[in-house]
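Coordinate inspection notes
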Amino acid sequence: MTERQMIQEILNTVDVIYAFENVDEDAKEYTLLVTQQDNDNRPIEKVNAEIKKYFQEADFNYKEELNPTNTDKPADIRVVIKR
């Protein structure tokens, strides 16, 4: 399984909408924009904690920004992960 497939698997497990904002496969660093689905009533902090747990278990460094303002697309969380 590639890193990109692992990332997609994690985000599909948490059941969020996501887009890759920046990909540097050579450095193994990815920036993701994550948005909750319309019918998702979980607090954004809980969603973030769940995503963070899965990425840390997969041995990724995880840095998040809740409700980012300087994005091209609207997002609830901007995540920078690196392996």
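Each chain has its residues counted from 1, following the order in which its sequence is written. Only residues with pLDDT of at least 70 get local features here, since the model is predicted, and only at 80 or more are side-chain atom pairs given and counted; chain-wide, interface and lining totals rely on the full set of residues. Note that water and hydrogens are dropped before the side-chain values are worked out from all heavy atoms of the structure.

Re the side chain of Arg78
- Strands here mean DSSP runs of E at least two residues long; helices mean DSSP runs of H or I at least four residues long; both are numbered from the N terminus. Here Arg78 lies in strand S4 (residues 77-82).
- In this scheme, a residue with accessible area under 20% of its type's maximum is buried, one over 50% is exposed, and one in between is partly exposed, where area comes from a 1.4 Å probe on protein chains only. Residue classification places Arg78 among the buried positions, given a relative accessible area of 12%.
- Distance and chemistry together define a polar contact, namely a pair of N or O atoms within 3.5 Å, with one atom able to donate a hydrogen and the other to accept it when in protein, and with adjacent residues in sequence counting only for side-chain atoms on both sides. Polar side-chain contacts of Arg78 include one of 3.0 Å to the backbone oxygen of Asn70.
- Here a residue-residue contact requires only that any non-hydrogen atoms of the pair lie within 4.5 Å. Setting aside chain neighbours within four positions, we find Arg78 in contact with Glu21, Thr31, Leu32, Leu33, Lys63, Glu64, Glu65, Pro68, Asn70 and Thr71.

Observations concerning the sheet that holds S4
- If DSSP finds at least two bridges between two strands, the strands pair. Taken in spatial order, the 4 strands of this open sheet run S1-S2-S4-S3, and their pairing is antiparallel. Single-partner strands in this sheet number two, and they are strand S1 (17-24) and strand S3 (61-66). This sheet shows a mean twist of 20° between the axes of neighbouring strands, independent of strand direction.
- Sheet analysis places strand S2 (residues 29-35) next to S4, joined by 6 bridges and oriented antiparallel. By the bridge assignment, Val34 is partnered in S4 with Ile77.
- Docked against the sheet, helix H1 (residues 3-14) engages S1, S2 and S4, running at close to 155° with respect to S1. Working convention: axes come from line fits to C-alpha atoms, limited for helices to the stretch in contact. Angles between N-to-C directions cover 0 to 180 degrees.

Examining H1
- Working rule for helices: expected span equals 1.5 Å times residues minus one. Its 12 residues place the ends of H1 17 Å apart at the C-alpha level, agreeing with the 16 Å of an ideal helix rising 1.5 Å per residue.
- All of the buried residues along H1 are Glu3, Met6, Ile7, Ile10, Leu11 and Val14. Seen end-on, H1 carries its buried residues on one side only, within an arc spanning 130°. It is the directions from the helix axis to the C-beta atoms whose arc is reported.

Quick word on the nonpolar core
- Remark: nonpolar core denotes a set of buried residues (Ala, Val, Leu, Ile, Met, Phe, Trp, Tyr, Cys) joined through side-chain atoms within 4.5 Å. Of all hydrophobic cores here, the largest spans 19 residues; its most connected members are Ile7, Leu11, Leu32, Val34, Ile51, Phe55 and Ile81.
- Looking at this core, the elements with two or more residues in it are H1, S2, helix H2 (44-57) and S4.
- When residues in this core are grouped by element, the largest group, 5 residues, is from H1.
- Those residues in contact with Leu32, other than ones at most four positions away along the chain, are Ile7, Leu11, Ala19, Phe20, Glu21, Phe55, Ile77, Arg78, Val79 and Ile81.

Concerning the packing of aromatic side chains
- Geometry of aromatic contacts follows a simple scheme: Phe, Tyr and Trp rings, the Trp one being its six-membered ring, pair when their centres are within 6.5 Å, and the pair is stacked under 30 degrees between planes, edge-to-face over 60, tilted otherwise. Enumeration according to the criterion identifies 4 aromatic pairs in this entry.
- The interplanar angle of 65° and the centroid separation of 6.3 Å between the aromatic rings of Phe20 and Tyr30 together place this pair among those described as edge-to-face. Residue Phe20 is found in strand S1, and its partner Tyr30 is found in strand S2; the two are separated by 10 residues along the sequence.
- Classification of Phe20 by relative accessible area gives partly exposed; the value is 23%.
- Aromatic pair Phe55 and Phe60: ring centres 5.5 Å apart, planes at 85°, arrangement edge-to-face. The two residues Phe55 and Phe60 agree in class, both being buried.
- In this structure an aromatic cluster arises from ring pairing among Tyr18, Phe20 and Tyr30.
- Its end group placed over the ring of Phe20, Arg4 keeps NZ or CZ at 4.4 Å from the ring centre.
- Sitting over the face of the ring of Tyr54, Lys53 holds its NZ or CZ atom 4.7 Å from the ring centroid. For a Lys NZ or an Arg CZ to count as sitting over a ring, it must be within 6 Å of the ring centre and within 35 degrees of the ring normal.

Distances and angles like these do not, on their own, reveal function.
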